[in-house]
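Now for the letters of each chain:
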Amino acid sequence: MSSIKKFQVTFDCADPERVARFWCEVLGYVVPPAPEGFATWDDYNRSLPPERQGSGFVCMDPSGVGPRMYFQRVPEGKVVKNRVHLDVRVGTGLVGEERLAALEAECARLVPLGAVRGQLLIADEYNESCLVMQDIEGNEFCLD
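The present account deals with the structure reproduced in this document.

Points about the pattern of salt bridges
So, point 1. Considering all chains together, one arrives at seven salt bridges under this definition.
So, point 2. Between R21 and E17 there is a salt bridge; the shortest N-O distance is 2.8 Å. In this pair, R21 and E17 both sit in helix α1 (residues 16-27), four residues apart, roughly one turn of the helix.
So, point 3. Judged by its relative accessible area of 40%, R21 falls in the partly exposed class.
So, point 4. For E17, a relative accessible area of 31% gives the class partly exposed.
So, point 5. With a shortest N-O distance of 2.8 Å, R109 and E106 are connected by a salt bridge. With R109 and E106 both in helix α3 (residues 96-110), this residue pair falls three residues apart, about one helical turn.
So, point 6. Taking the relative accessible area as the measure of exposure, R109 reaches 35% and is therefore partly exposed.
So, point 7. Its relative accessible area of 13% is what places E106 among the buried residues.

As structure tokens, then:
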């Protein structure tokens, strides 16, 4: 039995391209080149049947190390808390005030992109501080 080494993170959303481009900014990801035979993603999109146009979008780690992220349009809106979320590791190795400053600085960068600040969870005897946030469609993630 072989172990799986690569995986993709898939988001259900209303506007795949908008959410993907948000996460590109958050993570430093890029939109891959359009499929072979198409100059742009818009050209590819126009080649699809009308009901499939804009139904998905992709972003990826330019180094190839991080997981590919796929965003798919779904008809229903988000109604409850995510069961899985991303932790954006901006404070790795930092503690105390230095960690809080890193979390706050990243929050300040993301809010103008459309992120929403949530609860700051202060370090306790088991966990370091983290900051709960939401992306542009209300999906929770943490600055960790």
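The discussion continues.
Section: the layout of surface pockets
So, point 1. Empty space within the largest pocket amounts to approximately 490 Å³.
So, point 2. At the level of secondary structure, the elements contributing two or more residues to the lining of the largest pocket comprise β1 (8-13) and β7 (140-143).
So, point 3. Per element, the largest residue contribution to the lining of the largest pocket is five residues, and it comes from β1.
So, point 4. Partitioned by chemical class, the residues of the lining of the largest pocket number twelve nonpolar, five polar and five charged.
So, point 5. Around the second largest pocket, the lining is made up of 16 residues, and of these W41, Y44, N45, G56 and F57 lie nearest the centre.
So, point 6. Looking at the lining of the second largest pocket, the elements that each hand over two or more residues are α1, α2 (41-47) and β2 (56-59).
So, point 7. The greatest single-element share of the lining of the second largest pocket, amounting to four residues, is contributed by α2.

Focus: the side chain of D61
So, point 1. In this structure, D61 sits in the loop between β2 and β3 (68-73).
So, point 2. For D61, which is buried and forms no salt bridge, the nearest opposite charge comes from K6, at a distance of 7.6 Å.
So, point 3. There is a polar contact of 2.9 Å between the side chain of D61 and the side chain of S63.
So, point 4. Apart from residues no more than four positions distant in its own chain, D61 is found in contact with Y29 and G66.

Parameters at a glance
Residues numbered from 1 in each chain as written. Predicted model: local features only at pLDDT ≥ 70, side-chain atom pairs only at ≥ 80, totals over all residues. Heavy atoms only, no water. Salt bridge = Lys/Arg side-chain N within 4 Å of Asp/Glu carboxyl O. Helix = DSSP H or I, 4+ residues; strand = E, 2+ residues; numbered from the N terminus. Buried < 20%, exposed > 50% of the residue type's maximum accessible area, 1.4 Å probe, protein only. 1 Å grid on protein atoms, 1.4 Å probe; cavity = no way out; pocket = protein on both sides within 12 Å on 5 of 7 lines; lining within 4 Å. Points joined across faces, edges and corners; volume = space filled by probe spheres on them. Nonpolar A, V, L, I, M, F, W, Y, C, P; charged D, E, K, R; others polar. Lys, Arg positive; Asp, Glu negative; His and termini not counted. Polar contact = N/O pair within 3.5 Å; in protein donor to acceptor, adjacent residues only side chain to side chain. Contact = heavy atoms within 4.5 Å.

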